[in-house]
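# Residue-level structural notes
What follows is each chain in one-letter form.
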Amino acid sequence: MSENTLVQANGRVWDVVVVGGGAAGLSAALTLGRVRRSVLVIDAGEPRNAPASAAHGLLSRDGIAPLELLRLGREEVASYGGRIESGRVSGVRREGAHLVVTTEDGGRAVARRVLVTTGLVDELPDVAGLAERWGRDVLHCPYCHGWEVRDAAVGVLATGPAAVHQALMFRQLTSHVMLFAHTGGDPTEEQWEQLAALGVDVVDGEVLSLEVDDRDRLSGVRLASGRSVPVDALVVAPRFVARAGFLAELGLAATEHAMGVGLQLVAEPGGFTGVEGVWAAGNVTDLMANVAVAAASGIQAAVAINTDLLGADAKAAVAARADGVFGAATEAEVSRRALGDRRHGLDFPPRPRPDTGG
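About the thresholds
- Residues numbered from 1 in each chain as written.
- Predicted model: local features only at pLDDT ≥ 70, side-chain atom pairs only at ≥ 80, totals over all residues.
- Heavy atoms only, no water.
- Helix = DSSP H or I, 4+ residues; strand = E, 2+ residues; numbered from the N terminus.
- Contact = heavy atoms within 4.5 Å.
- Pairing = 2+ DSSP bridges.
- Axes fitted to C-alpha atoms, helices over the stretch in contact; angles between N-to-C directions.
- Parallel < 35°, antiparallel > 145°, perpendicular 65-115°, else oblique.
- Left-handed = near helix turned anticlockwise from the far one by under 90°.
- Nonpolar A, V, L, I, M, F, W, Y, C, P; charged D, E, K, R; others polar.
- Salt bridge = Lys/Arg side-chain N within 4 Å of Asp/Glu carboxyl O.
- Buried < 20%, exposed > 50% of the residue type's maximum accessible area, 1.4 Å probe, protein only.

### A word on the side chain of Ser 27
Tracing the chain through its elements places Ser 27 in helix α1 (residues 23-33). What Ser 27 contacts, discounting residues up to four positions off in sequence, is Ala 295 and Ile 299.

### Topic: the sheet that holds strand β14 (residues 228-230)
The three strands are arranged β12-β13-β14 in an open sheet whose pairing can be described as antiparallel. Of all the strands in the sheet, just β12 (207-212) and β14 have a single pairing partner and so form its edges. The sheet shows a mean angle of 25° between the axes of neighbouring strands, direction not considered. For β12 and strand β13 (residues 218-223), the ladder comprises five bridges, and the chain directions are antiparallel. The partner of Glu 211 across the bridge, within β13, is Gly 220.

### Description of the packing of helix α4 (residues 163-171) against helix α5 (residues 189-197)
Where α4 meets α5, the closest approach of the two axes is 11 Å, and the angle between their N-to-C directions is 20°. Taken together, the axes of α4 and α5 are roughly parallel relative to one another. Every pair of crossing elements has a handedness; the one defined by α4 and α5 is left-handed. Along the contact surface, α4 presents Val 164, Ala 167 and Leu 168, while α5 presents Gln 191, Gln 194 and Leu 195. Its residues placed into classes, the contact of α4 with α5 shows four nonpolar, two polar and no charged.

### What about the pattern of salt bridges?
A complete count under the given rule lists 19 salt bridges for this structure. A salt bridge links Arg 71 to Glu 68; its shortest N-O distance comes to 2.7 Å. A residue pair is termed a helical-turn pair when its members lie 3 or 4 positions apart in one helix, as Arg 71 and Glu 68 do in helix α2 (residues 66-79) at three residues. A relative accessible area of 36% places Arg 71 in the partly exposed class. Connected through shared salt-bridge partners, Asp 15, Arg 37, Arg 112 and Asp 313 make up one network.

Here you go:
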């Protein structure tokens, strides 16, 4: 990508550069495009939900393939004049009144405002074979994938305090739930009572690997003891890490979530990050957001950005009008027309009229 790849055809500064082309970023770009803002979306092409076969909870689009959803979204953004480019953003810095977005391959885009919608990375437990099945039969969210494993044998891998809560949630979907103690520590007395009352078995020992049948389906987990326990699906709790390292030059960095589940970029309602001209939306600032919530936050951020730009545009227009009506050039012209030579503060005597005789 050349230095000039990311400029507008008319050479103007972009109103908004959106970093990240997932549900949040595309929803924001669509909203901004519909109010005639110039928008550039730069996307690295690594959607978090790409391993999943379907996205759920989207009214009228429940079960759509994640990549198909993004394809349709890109088409809609383009139909309103938005531009989408492939690239990985390496940095954002301020130059005067503008923000400069750079990519790893040499691209450079100048914008009035920047919206960060880069999402997050799921850091998975270190169990052999687990990462390869992520988004298929290794899951974490009952609202995203719970229906698909209803009445199945579901194991919950305990790696922290959230494991019992996950077990209770999936127990709502199936009566066959096992909690693998793994590295999660002992449940509290109250949690033991809850698990026992709901018929959730607790399996002691560390899980070493997953087992897969000849149809490429999860069939069980193998413990350190050598014991194999059959399961149809395994629930895990990833650590969520926001993709925000490229914002360091602006003084922005991801911080620990209050619940200890990962790192997120802190933003106000509406997405403002506290850094002038920079907003954030989607999973980068809300680790728990599903596709629908991420898309909604993108719309909210777009409205907030447009409102901010409206104020800036009005201020600039007022300044330009003032310069045009009361500026030095206008004052000089009015003085010339009204006062003639006396505009310089000098009162010349009248010229004598020539004697024409008579």
